[in-house]
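Below are the chains, spelled out letter by letter.
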Amino acid sequence: MKENPSEQEWLEISDVFHSIVELSKSEREAVLSSITDERKRNEIEKLLLANDAEQSFLESSPLKAIHSEEISPKIPK
């Protein structure tokens, strides 16, 4: 059974995640490849995947589509 990261490890994981979350994929990978602790790297990768999935979901949100011209009805003059 895997042991959960300690509080200190979570702080380190969180710091790295927040420092790379806005970077490009190649920049992220460069930072991740420099992390020698496999467990920390895996946790950061999971956070990045979850964040990217959430962003993707929000970008395709039905609410966004409602406000787009494509779906909004044209009001006749």
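In the block above lies the structure referred to throughout.
Quick caveat: nothing in here was measured; it's all calculated off a predicted structure.

1. Comments concerning the overall build of the protein
Logical step 1: In terms of helices and strands, the protein carries 4 helices and 0 strands.
Logical step 2: Reading the secondary structure of the protein in the N-to-C direction produces α-α-α-α.
Logical step 3: Going through the 77 residues of the protein one by one, you find that 19% of them count as buried.
Logical step 4: Long-range pairs, those at least 24 residues apart, make up 56% of the contacts in the protein with a sequence separation of at least 6.
Logical step 5: Accessible surface, the protein as shown: approximately 6,600 Å² in total, 57% of it carbon and sulfur.

2. Considering the pattern of salt bridges
Logical step 1: Per the stated rule, a full pass over the model turns up 4 salt bridges.
Logical step 2: Glu 12 is the salt-bridge partner of Lys 40, the closest N and O atoms lying 2.2 Å from each other. A residue pair is termed long-range when its members are at least 10 positions apart, and Lys 40 in helix H3 (residues 38-59) and Glu 12 in helix H1 (residues 7-20) qualify at 28 residues.
Logical step 3: With a shortest N-O distance of 2.8 Å, Asp 52 and Arg 28 are connected by a salt bridge. Linking Asp 52 in helix H3 with Arg 28 in helix H2 (residues 25-33), this pair joins segments that are 24 residues apart in sequence.

3. Regarding the side chain of Lys 40
Logical step 1: Lys 40 sits in the buried class, given a relative accessible area of 19%.
Logical step 2: Apart from residues no more than four positions distant in its own chain, Lys 40 is found in contact with Glu 9, Glu 12, Ile 13 and Ile 35.

4. A few points about the side chain of Asn 51
Logical step 1: As for its position among the elements, Asn 51 is in helix H3.
Logical step 2: Once residues within four sequence positions are removed from consideration, Asn 51 is found in contact with Phe 17 and Val 21.

5. Observations concerning the nonpolar core
Logical step 1: Ile 13, Phe 17, Ile 20, Val 21, Leu 32, Ile 35, Ile 44 and Leu 48 form the largest nonpolar core, which has 8 residues in total.
Logical step 2: Elements represented by at least two residues in this core include exactly H1 and H3.
Logical step 3: With 3 residues, the single largest contributor to this core is H1.
Logical step 4: Discounting residues that sit within four places of it in the chain, Ile 13 has contacts with Pro 5, Lys 40, Glu 43, Ile 44 and Leu 47.

6. Observations regarding H1
Counting along an α-helix, one turn takes 3.6 residues, and residues three or four places apart therefore face a common direction.
Logical step 1: With 14 residues, H1 extends 20 Å between its outermost C-alpha atoms, agreeing within 8% with the 20 Å of an ideal straight helix rising 1.5 Å per residue.
Logical step 2: Every buried residue of H1 is listed here: Glu 9, Ile 13, Phe 17 and Ile 20. All buried residues of H1 fall inside an arc of 80 degrees around its axis, so they share one side. Every exposed residue of H1 that faces more than 90 degrees away from the buried side is listed here: Glu 7, Asp 15 and His 18.

Thresholds, definitions, all that
- Residues numbered from 1 in each chain as written.
- Predicted model: local features only at pLDDT ≥ 70, side-chain atom pairs only at ≥ 80, totals over all residues.
- Heavy atoms only, no water.
- Helix = DSSP H or I, 4+ residues; strand = E, 2+ residues; numbered from the N terminus.
- Buried < 20%, exposed > 50% of the residue type's maximum accessible area, 1.4 Å probe, protein only.
- Contact = heavy atoms within 4.5 Å.
- Areas by Shrake-Rupley, 256 points an atom, 1.4 Å probe, with all protein chains shown as cover.
- Salt bridge = Lys/Arg side-chain N within 4 Å of Asp/Glu carboxyl O.
- Core = buried A, V, L, I, M, F, W, Y, C linked by side-chain atoms within 4.5 Å.
- Expected span 1.5 Å × (residues − 1).
- Arc of directions from axis to C-beta.

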